[in-house]
Amino acid sequence: MTEPDNIVAETAERIFADLADAQTINHDKSGAWKAPLWQALTESGLPLSWVPEECDGSGTSMAEGFSVLGVAGRAGVSVPLAETMLAGWLLTQGKIKSPEGMMTVAPAGPRDRLTLNADGTISGRARAIPFAKEAKHIAVIAGGSIALVDAGACKIDAGLSLAGDHSDTVHFDKVKPVATAKAPDGVDEKALLLMGALARSLQIAGALESMLGISVQYSGERVAFEKKISKFQAVQHNLAKLAGETSAALAAASSAADAFSHGAPIDDALFLEAAAAKIRCSEAAEKGAAIAHQVHGAIGFTQEHILHRYTLRALAWRDDFGSESYWAVELGRLVAKRGADELWPLVASR
Amino acid sequence: MTAALRFDPIRLPPECEQLRKEVRAFLADEIAAGTFDPHRPVQEDADNREFSRRVGEKGWLGMTWPKKYGGHERSFLERYVVTEEMRVANAPVRRFFVADRQSGPVLLKYAPEHIKMDILPRICRGEICFSIGMSEPNSGSDLFAAKTKATKTDGGFLINGSKIWTTSAHIADYMIAIFRTSPPTKENRRHGLTQFLVNMKAPGIKVNPIDQITGQQEFNEVVFTDAFIPDDHVLGEIDGAWKQATSELAYERSGPERFLETYYTLTELVRAIGSDPDTRSAEGIGRLVAQLHTMRRMSVSVAGMLQAGKEPVVEASIVKDIGTVWEQQLPHRVRDLAAFVDESASNHATLEEMLDFAIKTAPKLTIQGGTTEVLRGIIARGLGLR
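A brief look at the structure comes next. Treat the numbers as computed from the prediction; the structure is a model and nothing was measured. (Residues numbered from 1 in each chain as written. Chains lettered and ligands numbered in written order. Predicted model: local features only at pLDDT ≥ 70, side-chain atom pairs only at ≥ 80, totals over all residues. Heavy atoms only, no water.)

Here we take up the overall build of chain B. A tally of helices and strands in chain B yields eleven helices and eight strands. At 21 Å, chain B has a C-alpha radius of gyration in line with the 21 Å of a compact globule built from 386 residues. C-alpha extents for chain B along the principal axes are approximately 70 × 55 × 40 Å. Here chain B, with 386 residues, has 59% of them falling under the buried criterion. Of all intrachain contacts in chain B linking residues separated by at least 6 positions in sequence, the fraction that spans at least 24 positions is 75%. For chain B, the accessible surface area stands at approximately 15,300 Å², while carbon and sulfur atoms represent 52% of it. Of the charged side chains in chain B, 49 are positive and 52 negative; the average position of the first set lies 5 Å away from that of the second. (Helix = DSSP H or I, 4+ residues; strand = E, 2+ residues; numbered from the N terminus. Rg over C-alpha atoms; globule rule 2.2 N^0.38 Å. Buried < 20%, exposed > 50% of the residue type's maximum accessible area, 1.4 Å probe, protein only. Contact = heavy atoms within 4.5 Å. Areas by Shrake-Rupley, 256 points an atom, 1.4 Å probe, with all protein chains shown as cover. Lys, Arg positive; Asp, Glu negative; His and termini not counted. Charge placed at Lys NZ, Arg CZ, Asp CG, Glu CD.)

Below, the structure is given as structure tokens:
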């Protein structure tokens, strides 16, 4: 497993190891483990990583914040850390102070648009909003403005992701925001979508690291036909392919995170980084989950085993902030528009 | 738990961008002068002496080597840029590529000083061509199975046996080869192989070309009959070549040439599809570009590790494994998408011709430089499974 490369990521790693380990979660079907975990995350300031200190946040760099998302992916647990970080980031762009508690963002898909009415209220519907039912606030981008909305003021139809996490439809019926601000240039629905896609890419890559780790470990424990299954060449080759997919996901996601850490305006090259990360990580999730389950045999398919925490989330995260099909169409159109002779210069631009 | 897989997001430094411009300008001039056609990967003239010399004049051979051997003491990342641009343009690199990538670094590490002083500057000037003698009939990726013998004689060794699948042996001036100097021991199968510098013009060496299904001729069988190699042409340790040969392969495995060999089909597909693609075509192109970008970022990352003096054997094997599987699948995916291209597209004939060639090329891509199965074994070892 990748070692955390900074103190912020180390803190996150420690909190997840202490409060969201496999035993704790498996022995507590009620979900009561989530409250102390969130409390510890909050006390460490991680949910507001991207909020500057003068706005009561942690003032962590973009890069360190991205590494926290990798750690969150490796933990594969059901708390809105990524969503609260994204919300804090968005609110900060509008210089709106982040409130305490869990947050999420809207819209979270390419087809939903929210409207800022002349009277300052917000209308519209946003689907598949992660953790909307659990969040206290929603950070919204609508019509060139950023707004902070009390989740209680919205009608929320509960839904569940593939992994069983809240993925809800939020109806904004002339909702009056707690605060509104004009979005600066370059911060719009597309920018939020790209940031969300990047966050999910990092989480998927992290989940793949865990899938690889527990699959390798299990292959060294399980004996079949009088041998550890890790000694079978076919199993070794499957795990080598899983390592390849994990590497591709890590490379694509960390490259995009690095590109976004420099805060440049979103140009074609930056778009390529984020779109490619979401596409490639999603493809890796599909191939990786299949291999991890194959190595684990039937045990991996049970609720008792922790494998589902990573496989189902990695697969579910493919759908948030634009699926790989969506980003592939967008990227393909961009490439076509630039023309054949501009493809290589785009790929080689960094 | 498992080995840490690291693919740090290395960026090419600014000097690389300047260099990239220079390489592109040079290649544009060469194309304009008719040296090669970038839209025609089926190069009858892939072996081009004059082009090789001009690349040498530009200072793009032996880029990372010490100046006293004619090198330029530049970075691996700068060399990486030159390789990328040459590959993407389908430039005729055959004469110098192996020497620059692999043979030179081996000589630098293991050859005696007078040989380095003699040969390395000539590689840097683009004057000489190298081939690599590893595979033998019935050995291939299984280096331990190599049988061709080097028998000690006065002042050197006599070679008897044959090598096969040796790319460019028919045009090569030298070969770096491994031969058996003693049998493997019970304790160590890896024992008994020695690496040699072979002058291909020496008596007792016969090169038999092997035609490929693409219609090209790159591979050869090389037969040695009492061919003499002097003592000072031994590279490294007698009987200890196994480790040398495998570390050499890290250079062969992760470079841009390991995912760009069929790249031209993607460019031509984008051209044929035009600026306003339907949804299916757009999605197909988008996925392929995302995969290409990811491969490249992985490959740059490994180049960065080589630059930092690390030996990223597992990472390089991963890049080679998924890179060659990707470049093998690419022409087939392009074919899927090309099925819906309007046949009146101005480049349709070129696309068809390129696809025909790429699909014929594809089967070898996962074999050269270590088969997929061997690479997955190395990765599995890195994961602690063996």
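All names here are of chain A. Look at helix α1 (residues 7-19) against helix α4 (residues 62-75): their axes get within 8 Å of each other, and the N-to-C directions meet at 20°. It follows that α1 is roughly parallel to α4 by the angle criterion. For the element pair α1 and α4, the recorded crossing hand is right-handed. Every residue of α4 that contacts α1 at Val8, Ala9, Ala12, Glu13 and Phe16 is listed here: Glu64, Ser67, Val68, Val71, Ala72, Arg74 and Ala75. (Axes fitted to C-alpha atoms, helices over the stretch in contact; angles between N-to-C directions. Parallel < 35°, antiparallel > 145°, perpendicular 65-115°, else oblique. Left-handed = near helix turned anticlockwise from the far one by under 90°.)

We now examine helix α5 (residues 81-93) of chain A. Residues and elements named next belong to chain A. Here α5 spans 19 Å end to end across 13 residues, near enough to the 18 Å set by a 1.5 Å rise per residue. Extensive coverage of α5 is indicated by the burial of twelve of its 13 residues. Along α5, the positions that sit buried rather than exposed are Leu81, Ala82, Glu83, Thr84, Met85, Leu86, Ala87, Gly88, Trp89, Leu90, Leu91 and Thr92. At the exit of α5 stands Lys95, carrying a positive phi of roughly 55°. (Expected span 1.5 Å × (residues − 1).)

Hydrogen bonding along the main chain pairs the strands of a sheet, whether they run parallel or antiparallel. All names here are of chain A. Strand order in the open sheet formed by four strands is β2-β3-β7-β6, with antiparallel pairing between adjacent strands. In this open sheet, the two strands that pair with only one neighbour each are β2 (115-116) and β6 (155-157). Both strand β3 (residues 122-130) and strand β7 (residues 167-175) contribute to a ladder of six bridges, which runs antiparallel. Bridge pairing in β7 links Gly124 to Phe172. (Pairing = 2+ DSSP bridges.)

Another aspect to go through is the packing of helix α8 (residues 279-307) of chain B against helix α9 (residues 313-338) of chain B. Residues and elements named next belong to chain B. For the pair α8 and α9, the least separation of the axes is 10 Å and the interaxial angle reads 160°. Accordingly, the angle class assigned to the pair α8 and α9 is roughly antiparallel. Of the two possible hands of crossing, α8 and α9 adopt the one that is left-handed. Only Glu315, Ala316, Ile318, Val319, Ile322, Gly323, Trp326, Leu330, Arg333, Val334, Asp336 and Leu337 of α9 make contact with α8, whose side of the interface consists of Arg280, Ser281, Gly284, Ile285, Leu288, Gln291, Leu292, Met295, Met298, Ser299, Val302 and Met305. Its residues assigned to classes, the contact of α8 with α9 comprises 15 nonpolar, five polar and four charged. (Nonpolar A, V, L, I, M, F, W, Y, C, P; charged D, E, K, R; others polar.)

This part is about the interface of chain A and chain B. Taken together, the contact between chain A and chain B spans 54 residues of the former and 50 residues of the latter. Taken over both partners, the interface formed by chain A and chain B buries close to 4,500 Å², and the fraction arising from carbon and sulfur atoms is 65%. Taking the shortest distance from any N to any O, the salt bridge between Arg11 of chain B and Glu273 of chain A comes out at 2.9 Å. Inspection of the chain A/chain B interface yields 15 residue pairs in polar contact (both at pLDDT 80 or more). Of all the secondary-structure elements, those providing two or more residues to the side of chain A that touches chain B are α6 (189-219), α7 (233-261), α8 (268-296), α10 (324-338) and α11 (343-347) of chain A. For the side of chain A that touches chain B, the element with the most residues is α7 of chain A, which contributes 16 residues. The class makeup of the residues in the side of chain A that touches chain B is 26 nonpolar, 15 polar and 13 charged. (Buried area = accessible area lost by both parts, 1.4 Å probe. Salt bridge = Lys/Arg side-chain N within 4 Å of Asp/Glu carboxyl O. Polar contact = N/O pair within 3.5 Å; in protein donor to acceptor, adjacent residues only side chain to side chain.)

Before going further, it helps to examine unusual backbone geometry. Residues and elements named next belong to chain A. Omega for the peptide link from Ala106 to Pro107 comes to -5°, which places this bond in the cis form. Here Pro107 lies in the loop between β1 (103-106) and β2. Positive phi outside glycine occurs at Ala128, with the angle close to 50°. Relative to the helices and strands, Ala128 is located in strand β3. Accessibility expressed as a relative area gives 35% for Ala128, which makes it partly exposed.

This part covers the environment of Pro363 of chain B. Within the element layout of this structure, Pro363 of chain B appears in helix α10 (residues 348-365). Since its relative accessible area comes to 43%, Pro363 of chain B is described here as partly exposed.

Right, let's talk about the side chain of Ser145 of chain A for a bit. Within the secondary structure, Ser145 of chain A sits in strand β5 (residues 145-150). Apart from residues lying up to four places away in sequence, Ser145 of chain A is in contact with Leu116, Val140, Thr180, Ala181, Lys182 and Ala183 of chain A.

Under the definition given, this model contains 15 aromatic pairs over all chains. Between Trp344 of chain A and Tyr263 of chain B, the aromatic rings sit 5.7 Å apart at their centres with planes inclined by 70°, giving edge-to-face as the arrangement. With one member in each of two chains, Trp344 of chain A in helix α11 and Tyr263 of chain B in helix α7 (residues 263-273) form a pair that bridges those chains. For Trp344 of chain A, a relative accessible area of 4% translates into the label buried. For the ring pair Phe157 of chain B and Phe196 of chain B, a centre distance of 5.1 Å and an interplane angle of 70° mean the geometry is edge-to-face. In this pair, Phe157 of chain B sits in strand β3 (residues 156-164) while Phe196 of chain B sits in strand β5 (residues 193-199), placing the two residues 39 residues apart along the sequence. (Phe/Tyr/Trp six-rings, centres within 6.5 Å; stacked < 30°, edge-to-face > 60°.)

Here we come to the nonpolar core. Counting residues in each nonpolar core, the largest one holds 173 residues, and the members touching the most others are Phe16, Val140, Phe172 and Leu331 of chain A. Per element, the largest residue contribution to this core is 16 residues, and it comes from α6 of chain A. In this structure, Phe172 of chain A is in contact with Ala106, Leu114, Ile122, Ser123, Gly124, Ala126, Ile138, Val140, Val149 and Cys154 of chain A, ignoring residues within four places of it in sequence. Within the second largest apolar cluster, 26 residues are counted, among which are Cys124, Ile132, Tyr174 and Ala245 of chain B. (Core = buried A, V, L, I, M, F, W, Y, C linked by side-chain atoms within 4.5 Å.)

With that settled, the discussion passes to helix α11 (residues 372-382) of chain B. Residues of α11 of chain B that are buried include every one of Thr372, Leu375, Arg376, Gly377, Ile379 and Ala380 of chain B, and no others. One or two positions beyond α11 of chain B, positive phi appears at Gly384 of chain B, with a value near 85°.

Our focus in this paragraph is the pattern of salt bridges. Residue and element names in this part refer to chain B. Enumeration according to the criterion identifies 44 salt bridges over all chains in this entry. Where Glu78 meets Arg74, a salt bridge forms, and the shortest distance between an N and an O atom there is 3.1 Å. Look at the salt bridges and you will find they share partners, linking Glu17, Arg20, Arg24, Glu84, Glu85 and Arg296 into a network.

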